[in-house]
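Understanding the architecture of this molecule
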Amino acid sequence: MSVCTTPPAATAPDIIRQRGQREVFCGLTGIVWLHRRIQDAFFLVVGSRTCAHLVQSAAGVMIFAEPRFATAIIEERDLAGRADLDDELDRVVTRLIERRPDIKLLFLVGSCPSEVIKLDLTRAAARLDERFGRLPRILAYSGSGIETTFTEGEDACLEALVPTLADAGTANGLMVVGAVADIVEDQFRRLFTAIGIERIDFLPARHAGAMPAVGPNTRFILAQPFLAATARALHERGARRIAAPYPLGAEGTRLWIEAAAAAFGIDPARTESVLALPARRATESLAAVRAKLAGRKIFFFPDSQLEIPLARFLARECGVELVEVGTPFLHRDLMDAELALLPFATQLSEGQDVERQLDRCRAEQPDLVICGLGLANPLEAEGIATKWSIELVFSPIHGFEQAADLGNLFARPLARRALLAV
Ligand code: SF4
């Protein structure tokens, strides 16, 4: 007799699909973590003062001696068609490249204004890339609010990188896809190497010159769930995806590494011998977090597409009760392994009609709401504790060693509220 320990999947009919007013970031926000990850890249937003303001406020109070992002502001005379935008852009890019020889990869990032006036940045990037002899490499993607929601900016950026990756020929290797913190990369690299996977690459790499090659023998595994377009582009280059839950929490990390190891034909006993200790340490470190979170009711507003893996981690490893799990988009094929682990009948929602969602949230009176900055303070004022979802994409949260830190990101607002109540 065998015992099934996996609870039944969340059922499809439970998904609420709504369209209406949304409270989300545009894809420009991705620049804030992408420029930290690719250390010789520069992001030039072609947009308005609103876009410049957004990127600067998302980057917080950081002041840079050598900033690696900027906005080329479309002025009124550009909008009125009195200036040749291609010439203007060429001038701005030439000046930038002359002043900053340290830039090895330049992204022209489209915005709502550049899209509305139909400025073709892909063509401009190709023209400039040719002109500068591919040094630096010049690429384009859209981070506009019309086309992208928050983390989709990273997806668009990586999708633009894929066609520039070298051909791996028949070489065999594992590619980890999605921007992770450098310490997380180092930890994963150590684990995969110990298991016996010989060639491990990360997309994006820390430097433009170290981007991985890709070919029909490349197997890739997503570290982030919001990379549907990048996954498609890698498929087009012949690479095959390894399906797995995402490496959040002790269980998610273990299943993620096991899936990669199985795809490379590694003996499960060897994988187990490598994972046993770090997995046990992560589970033990989570015990204190679980004590703080168990039984708490949590409500996720849609924001980053990380919501479903985070909800799975919170439910299974921290004992929380999920009230509603909102996601801006639900890519079923990328989320299947996660959905199978969610508690039975978890209420999912895709898209947003923010007023109706707020009504559902207030009716449930959750202990903690995960939401964007626009909703957080108003909900706090109503007496509902909140956690800013943006912190979850800026902090190292993947892997065994970060599992307790991840749990604590959710426990902290509850502790603060308890402290203030005394
Ligand atoms: S790209 Fe669009 S949504 Fe984003 S800051 Fe600029 S105008 Fe606003």
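Right, let's walk through the structure included here. Please read all numbers here as calculations on a predicted model, not as lab measurements.

1. Side note on the nonpolar core
- With 112 residues, the main nonpolar core has F43, F107, Y141, F192, F300 and F410 as its most contacted residues.
- Excluding residues that lie within four positions of it along the chain, F410 makes contacts with L293, F300, L310, L314, L368, I370, K387 and L392.

2. Considering the side chain of Q305
- Turning to its location among the elements, Q305 is positioned in the loop between β10 (297–300) and α12 (307–318).
- Q305 sits in the buried class, given a relative accessible area of 2%.
- When residues no more than four places from it in sequence are discounted, the contact partners of Q305 are T151, E152, P225, F226, T327, P328, F329, H331 and M335.

3. Focus on the sheet that holds strand β1 (residues 16–19)
- An order of β1-β12-β11-β10-β13-β14 is seen for the 6 strands of this open sheet, with the pairing classed as parallel. The outermost strands of the open sheet, each flanked by one partner alone, are β1 and β14 (386–388). The mean inter-strand angle of the sheet, taken between neighbouring strand axes irrespective of direction, is 20 degrees.
- Sheet topology note: the strand β13 (residues 368–371)/β14 ladder contains 3 bridges and is parallel.

4. Here's the deal with the packing of aromatic side chains
- Tallied over the entire structure, the rule returns 9 aromatic pairs.
- Arranged with centres 5.8 Å apart and planes meeting at 85 degrees, the rings of W33 and F150 form a pair that is edge-to-face. Of this pair, W33 sits in helix α1 (residues 30–37) while F150 is found in the loop between β5 (137–142) and α7 (152–161), placing the two residues 117 residues apart along the sequence.
- Residue W33 is classed as buried on the basis of its relative accessible area of 8%.
- Of the aromatic side chains, those joined through ring pairs into one cluster are F25, W33, F150 and F394.
- One Lys or Arg, R36, reaches over the ring of F394 and ends 5.9 Å from the middle of that ring.

5. Things to note about the site of the ligand
- The ligand sits among C26, L28, C51, L54, S111, C112, P113, S144 and G145.
- Among the secondary structure elements, those contributing two or more residues to the shell around the ligand are α2 (49–58) and α5 (112–116).
- Looking at the shell around the ligand residue by residue, the classes come out as 6 nonpolar, 3 polar and no charged.

Definitions and limits used
- Residues numbered from 1 in each chain as written.
- Predicted model: local features only at pLDDT ≥ 70, side-chain atom pairs only at ≥ 80, totals over all residues.
- Heavy atoms only, no water.
- Core = buried A, V, L, I, M, F, W, Y, C linked by side-chain atoms within 4.5 Å.
- Buried < 20%, exposed > 50% of the residue type's maximum accessible area, 1.4 Å probe, protein only.
- Contact = heavy atoms within 4.5 Å.
- Helix = DSSP H or I, 4+ residues; strand = E, 2+ residues; numbered from the N terminus.
- Pairing = 2+ DSSP bridges.
- Axes fitted to C-alpha atoms, helices over the stretch in contact; angles between N-to-C directions.
- Phe/Tyr/Trp six-rings, centres within 6.5 Å; stacked < 30°, edge-to-face > 60°.
- Lys NZ or Arg CZ within 6 Å of the ring centre and 35° of its normal.
- Near = heavy atom within 4 Å.
- Nonpolar A, V, L, I, M, F, W, Y, C, P; charged D, E, K, R; others polar.

On their own, these measurements won't tell you what the molecule is for.
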